[in-house]
Amino acid sequence: MTHMQTAAVTDIGSRRSTSSVAVRSVTAGSIATGWWKFVVPITLAVSLLYFLPLLINVYLAFSNWSGFHNRVEFIGLDNFRTLFTQYNLLAQVRLTFTYAITASLVGNLLALALALALEENSVTNQIFRAVFFIPVLLSPLASGYVWAGILDPAGPLNQGISVFSGGFDFAWLGSRSLAIYLVAAVDAWKWLGFFTLVYIAGLSTVPLELKETATSMGANAWQVFRHAKLPFLAPAMTYNITVTLIGAMSTFDIILATTRGGPGNATRVLNVLTLDQFGIGYFGLASTTQLVVTILITITAIPLVRFLRSRELEG
Amino acid sequence: MTHVTRKAWWHEPLRLSILGIAALLLVGVPLWLVLVNSFKTQGEAARLGLDLPVIWNAASNYREVFVNSRYLLSLRNSVIVTVCSEALLFIICVPAAWAFARSRSRFTKLLYPLVIIGVVLPPAVVPTAFLMRLISLQGTLPALILYTVGMRMSLVVFLLTGFARGLPRELEEAAFVEGASKLRTLWSVVIPMMRSVLWAAFVIVTVLIWNDFYGPLFLLSSRSATLTMGLYSLSSGVAKATAWNTVFAHVVLVSLPLIVVYILAQRQIVEGVSQGAVKG
């Protein structure tokens, strides 16, 4: 709040105290009631556009809805059986978690390092912040194509390595073991600038005297970070870790642009699987896979948010 | 600032060189790769070099994007989806956020957590397609707009409510004393005070909606394609592996609108996002 606003508030506050008691009690009544009109649109929107699809999803997951016939019938656990046997569901779940944890870990470590390097509010730092923010504006799909080019066997990465060891040739995204980590790193790259800003905002809440006292007492950079800055970063960390982890669990675009689930099934995370099933007309099966994503996000988010919040309180 | 003077003389040059190299490798090279190869012929672009084109083929590459993947049509569709979703989002969320911040009724207290679950749990797109088919909207822009509103309102309400809670009540109460209705108070007292968070929410949501690909792919037909869908259909064909020049020309054209806006309003965008982040 600016000083001007504060002044205006106190001014009005003092003026109000001179108004009669009767008027005040009437207004108190009108302030407390009648709010329901303001939440009617959002009640409708959240019921119809958010909860209705989630509810219907539960039914569709147990149905044979498909592009091949018009009837939608209840078929029990058939879709789940198909997922476990034909689609190797557990492997896809593991893949989805691998992607999410890698994207979150790489993104947060880099963003934190960048935020600490760009903490002071100087002109050069503002320029660097603006530059690192550019990838945030690219669509994840476009980012995928950019990195498909860089990681291509003919691309700049191999060209760069070839400078040191001539004729280096490696298909990074063609590697079954590496591909999932690389596409997750592209995800981290895309959001780096945003999470850096969140950490810088968190660092700005650290009292200057605290840092100075710590430094004057002979603390080194790590100790200042660990004991003076880190406790104040907890809210930013809660936000960033939750958003990256949960966001990466429903990843989709980057993989479609880079590996399209391959090589083999090495990067076919759950949302890509959903599209594959949807694309060939198995809508019921796609709903089942989507329900699995919903359940996974729910069981990850609840304990995660609770754990990170408790750390915040400890400071 | 005593702690600054205590640093060794080489600290600042080292910091700037590391940052410079990181910016070059992480932002400079990727953007340059895309830009310079979008000007080359297909054969030259296949080598994915960072050098300038031997033969400048820009006009032909960009013409191909404009004609073959109907750039202007998908640009129009992206603009319609972004503008309409945004308008609906703010009309629905601004009054609601103020009510969530001020009302003490049991109903709003119960409703708020239900509304913001969506921040972590995205709505289900496959059943949304099912519903849209029932009301004959599947494959059209309104289907995507409705899905987008359902998807993003949680974030908008979350950002706005957090901010509105911290606003001084005195100005609003003064407006009530003078006889202003709630709607009038919202318009002329509350919204002006929320300008910074409204801007932050607007920026974040615009980037998310503009770049969305998941919703369009499930809910739109190819006739109503948005920019990201156009990029995907051009690039996922058989030609993709070889035609880096047109793929990158498309990437440039898809990203350009947001980049131009960013160059014009860079300071406000970075500040807006930081502010939104503090509140979030």
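None of these values were measured; they are calculated from a predicted model.

Chemist: Hey, could you run me through the overall build of chain A in this one?
Modeler: Within chain A, the secondary structure is distributed over 14 helices and zero strands. Within chain A, residue pairs in contact and separated by at least 24 positions form 66% of the contacts whose partners lie at least 6 positions apart. Carbon and sulfur atoms form 68% of the exposed surface of chain A, whose accessible area is close to 14500 Å².

Chemist: Is there a simple way to think about the domain arrangement of chain B in this case?
Modeler: Accessible area lost on assembly of the parts is the figure often given for the size of an interface. Domain boundaries assigned for chain B yield domain 1 (2-64) and domain 2 (69-236). Using only C-alpha atoms to locate each centre, domain 1 of chain B and domain 2 of chain B end up separated by 35 Å.

Chemist: Looking at this structure, how should I read the pattern of salt bridges?
Modeler: One side chain can pair with another of opposite charge once the charged atoms of both are near each other. Residues and elements named next belong to chain A. Within this structure, the stated rule accounts for nine salt bridges over all chains. One salt bridge in this structure joins D276 and R268, with 3.1 Å as the shortest N-O distance. Members of the salt-bridge network, linked through shared partners, are E119, K211 and K229.

Chemist: Is there a simple way to think about the interface of chain A and chain B in this case?
Modeler: Opposite the 96 residues of chain A that make contact, chain B presents 100 residues. Together, the buried faces of chain A and chain B total about 8400 Å²; carbon and sulfur atoms form 78% of this surface. The largest per-residue losses of area from chain A upon contact with chain B belong to W35, F38 and Y145 of chain A, which jointly make up 10% of the total buried on that side. On inspection of chain A and its partner chain B, the count reaches zero salt bridges. For the side of chain A that touches chain B, the leading source of residues is helix 3 (residues 36-60) of chain A, giving 16 residues.

Chemist: Honestly, the packing of helix 10 (residues 208-216) of chain A against helix 11 (residues 221-249) of chain A in this entry has me stumped. Any pointers?
Modeler: Packed helix pairs are specified by the crossing angle of their axes together with the interaxial distance, meaning the distance between the axes. Residue and element names in this part refer to chain A. Across the interface, helix 10 lies against helix 11 with an axial gap of 10 Å and an inter-helix angle of 165°. As far as their axial angle goes, helix 11 and helix 10 are roughly antiparallel. Classified by chirality, the crossing of helix 11 by helix 10 is right-handed. From helix 10, L210, K211, A214 and T215 reach across to helix 11, where they touch V224, A228, K229 and F232. Along the lines of polarity and charge, the residues of the contact of helix 10 with helix 11 split into five nonpolar, one polar and two charged.

Chemist: Would you mind going over the packing of aromatic side chains with me for this structure?
Modeler: Each aromatic ring pair is described using two quantities: the centre-to-centre distance and the angle formed by the ring planes. All chains considered together, the criterion is met by 31 aromatic pairs over all chains. The interplanar angle of 35° and the centroid separation of 6.4 Å between the aromatic rings of F168 of chain A and W172 of chain A together place this pair among those described as tilted. Judged by its relative accessible area of 29%, F168 of chain A is partly exposed. Joined through ring pairs, the aromatic side chains of W65, F252, F278 and F283 of chain A together with F130, F213, Y214, F218 and Y232 of chain B make up one cluster.

Chemist: I tried to follow a positive patch on the surface on my own but got confused; where do I start?
Modeler: Residues and elements named next belong to chain B. On the surface, a cluster of positive charge is made up of R104, K109, R165 and R169. Looking at where K109 falls in the secondary structure, it is placed in helix 6 (residues 106-116). Looking at K109, the relative accessible area reads 54%, which means it is exposed.

Chemist: Can you help me understand the nonpolar core in this one?
Modeler: Most often, soluble globular proteins have nonpolar side chains that are buried together. I42 and Y99 of chain A together with F100, L160, M194 and F218 of chain B are the most contacted members of the largest nonpolar core, which totals 177 residues. Looking at this core, the element that brings in the most residues is helix 8 (residues 141-165) of chain B, giving 14 residues. Residues lining this core come from more than one domain, with at least three contributed by each of domain 1 (2-64) and domain 2 (69-236) of chain B. Discounting residues that sit within four places of it in the chain, M194 of chain B has contacts with L160, F163, A164 and L167 of chain B.

Chemist: I tried to follow the confidence of the model for chain A on my own but got confused; where do I start?
Modeler: One rule of thumb: low pLDDT means the predicted coordinates there are not for detailed reading. In the predicted model, chain A carries a mean pLDDT of 85, and 89% of its residues have values of at least 70. Counting contacts from residues 1-28 of chain A, a segment whose pLDDT is below 50, to residues more than four positions away or on other chains yields 17 contacts.

Chemist: Please explain helix 6 (residues 123-137) of chain A as it appears in this structure.
Modeler: The α-helix winds at 3.6 residues per turn, so residues separated by three or four positions along the chain end up facing the same way. In a regular helix each residue adds 1.5 Å, so 15 residues correspond to 21 Å; helix 6 of chain A covers 22 Å between its end C-alpha atoms and thus fits that length. Every buried residue of helix 6 of chain A is accounted for by N125, F128, R129, A130, F132, F133, I134, P135, V136 and L137 of chain A.

Chemist: Quick question: what am I supposed to make of helix 10 (residues 182-193) of chain B here?
Modeler: All names here are of chain B. Those residues of helix 10 not exposed but buried are K182, T185, L186, V189, V190 and M193. Buried residues of helix 10, viewed axially, fall in a sector of 125°; they line one side. Within helix 10, the exposed residues directed more than 90 degrees away from the buried face are L183, R184 and W187.

Chemist: Just to check I follow, could you spell out a nonpolar patch on the surface for this structure?
Modeler: Residues and elements named next belong to chain A. A cluster of nonpolar residues, W36, V40, L44, L48 and L52, forms a patch on the protein surface that exposes about 480 Å² of accessible area. Inspection of the secondary structure puts W36 in helix 3. For W36, a relative accessible area of 56% puts it in the exposed group.

Chemist: What's the story with unusual backbone geometry in this structure? I'm lost.
Modeler: Generally, phi is negative for residues other than glycine and the peptide bonds are trans, each holding for most cases. Looking along the chain, the bond that leaves G262 of chain A and enters P263 of chain A is cis, with omega of -5°. Looking at the element boundaries, P263 of chain A is found in the loop between helix 12 (253-258) and helix 13 (270-279). Non-glycine residue S136 of chain B carries a positive phi angle of around 55°. When you line up the elements, S136 of chain B lands in the loop between helix 7 (125-134) and helix 8. Given the relative accessible area of 62%, S136 of chain B is considered exposed.

Analysis parameters
- Residues numbered from 1 in each chain as written.
- Chains lettered and ligands numbered in written order.
- Predicted model: local features only at pLDDT ≥ 70, side-chain atom pairs only at ≥ 80, totals over all residues.
- Heavy atoms only, no water.
- Helix = DSSP H or I, 4+ residues; strand = E, 2+ residues; numbered from the N terminus.
- Contact = heavy atoms within 4.5 Å.
- Areas by Shrake-Rupley, 256 points an atom, 1.4 Å probe, with all protein chains shown as cover.
- Domains from an automatic or database assignment.
- Salt bridge = Lys/Arg side-chain N within 4 Å of Asp/Glu carboxyl O.
- Buried area = accessible area lost by both parts, 1.4 Å probe.
- Axes fitted to C-alpha atoms, helices over the stretch in contact; angles between N-to-C directions.
- Parallel < 35°, antiparallel > 145°, perpendicular 65-115°, else oblique.
- Left-handed = near helix turned anticlockwise from the far one by under 90°.
- Nonpolar A, V, L, I, M, F, W, Y, C, P; charged D, E, K, R; others polar.
- Phe/Tyr/Trp six-rings, centres within 6.5 Å; stacked < 30°, edge-to-face > 60°.
- Buried < 20%, exposed > 50% of the residue type's maximum accessible area, 1.4 Å probe, protein only.
- Patch = residues over 30% accessible without salt bridge, like charges linked within 9 Å, V, L, I, M, F, W, Y side chains within 5 Å.
- Lys, Arg positive; Asp, Glu negative; His and termini not counted.
- Charge placed at Lys NZ, Arg CZ, Asp CG, Glu CD.
- Core = buried A, V, L, I, M, F, W, Y, C linked by side-chain atoms within 4.5 Å.
- pLDDT = per-residue confidence, 0-100.
- Expected span 1.5 Å × (residues − 1).
- Arc of directions from axis to C-beta.

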